[in-house]
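Residue strings, one per chain:
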Amino acid sequence: MIDLLSDYGLFLAKTVTLVLAIAIPLLLLMRSRATPADRERLEITDLGDRYREMGDALKEASLPRKGLRQLRRGQRHRKRAVETDQPRLFVLDFHGDLKATDVASLREAVTVVLLDAGPGDEVLVRLENAGGVVSEHGLAASQLVRIRERGIPLTVAVDKVAASGGYLMACVADRLLAAPFAVVGSIGAVAGLPNFRRLLERHGVDFELHTAGAYKRTLTLFGENTEAGREKVREQLETIHRLFKDFIAEYRPSVDLERVATGEYWYGPQALELGLVDRIQTSDDYLLSARERARIYQVKYTKRKRPMERLVASMEGRLQQLLGP
């Protein structure tokens, strides 16, 4: 009997393993072949309604019956008033990583807002971004420039971090908010990579690199790096740094760049003193203060990532945490 159960258990384990071996690749294949319509979605959330419902829920739990009737009459009146002539506040979220992969969703969300925004409307971007690759973060900043160029007031709120490429985005704002312990700054450029040439030589491995153009490859992982190549990389970093400073000077001309463009970062109150931000305030408080003067809508364009893309993004996020701003 024991032998029978043992054989059955072994058979069951093999069966489950076989099913999983077939099912998992099929699932991954089906998800990778999903149509754009399956992977992309536009979500519009009425945050004003959400706040009202939250506040009313607390009142309903604590008011006597007479007060509850008055509350409900007030709710109907307030809803009619909100639906008339109030301007709109559009809320966008950007969560950065090394390659600013969220820029694909940001550019679509910005386009949606620009299609309908009118006089009196405003955009709030809740930004969390510790920086990364220059070109991708430059494109992300350009999306916010689109809002300003249309004459729509742009507020950026930094609750946690806007450093390096993150500050490149944040400085575009007409009004820049930072939480008390938000990290702001890191205005600089950095490049680094390991070199395994001596390790390969120790094991008798030769590495050949052929290029056309004196600076097609300045530094390499496996070949011998030259002082000329190192100097070229330093020159390129200085160029990036200069462009970074010029961009900040355009949108925040009162900032003393010689003081702040050192690669350092600061916390909210220090950033306020240096002119890097305009006010110490969280995005939550800003939205609560805005709900009486505007209809608030969160605009979110989501693009579902494939499993491998999510894995890579997760690894990059861990790396960014280790590297810091």
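Since this is a predicted model, take the numbers as computed values, not measurements.

A word on helix α6 (residues 134-149)
Next, step 1: For α6, which comprises 16 residues, the first-to-last C-alpha distance of 22 Å matches the rise-based estimate of 22 Å (1.5 Å per residue) to within 8%.
Next, step 2: Those residues of α6 lying buried are H137, A140, A141, Q143, L144, V145 and I147.
Next, step 3: Residues of α6 that are buried in the fold lie against β2 (88-95), α5 (103-116), β3 (122-129), β4 (154-163), α7 (165-170) and α9 (227-251).
Next, step 4: Downstream of α6 by a residue or two, G151 has a phi angle that is positive, lying close to 75 degrees.

Topic: the confidence of the model for the protein
Next, step 1: When pLDDT is averaged along the protein, the result is 82; 73% of the residues meet or exceed 70.
Next, step 2: Across residues 1-6, where pLDDT falls below 50, the model places 0 contacts with residues more than four positions away in sequence or in other chains.
Next, step 3: Every residue in residues 319-324 scores below 50 in pLDDT, and together they form 6 contacts with partners more than four places removed in sequence or on other chains.

Focus on a nonpolar patch on the surface
Next, step 1: Nonpolar side chains collect at one region of the surface, where L193, F196, L199, F207, L209, L221 and F222 lie side by side and expose about 570 Å² of accessible area between them.
Next, step 2: With respect to the helices and strands, F222 occurs in the loop between α8 (197-202) and α9.

Remarks on the environment of V255
Next, step 1: Within the fold, V255 resides in the loop between α9 and α10 (257-260).
Next, step 2: The exposure class assigned to V255 is buried, which follows from its relative accessible area of 8%.
Next, step 3: Once the C-alpha coordinates of V255 and V277 are considered, the two residues, 22 residues apart in sequence, prove to be 9.7 Å apart.
Next, step 4: In this structure, V255 is in contact with V260, L274, G275 and L276, ignoring residues within four places of it in sequence.

Criteria and cut-off values
- Residues numbered from 1 in each chain as written.
- Predicted model: local features only at pLDDT ≥ 70, side-chain atom pairs only at ≥ 80, totals over all residues.
- Heavy atoms only, no water.
- Helix = DSSP H or I, 4+ residues; strand = E, 2+ residues; numbered from the N terminus.
- Expected span 1.5 Å × (residues − 1).
- Buried < 20%, exposed > 50% of the residue type's maximum accessible area, 1.4 Å probe, protein only.
- Contact = heavy atoms within 4.5 Å.
- pLDDT = per-residue confidence, 0-100.
- Patch = residues over 30% accessible without salt bridge, like charges linked within 9 Å, V, L, I, M, F, W, Y side chains within 5 Å.
- Areas by Shrake-Rupley, 256 points an atom, 1.4 Å probe, with all protein chains shown as cover.
- Salt bridge = Lys/Arg side-chain N within 4 Å of Asp/Glu carboxyl O.

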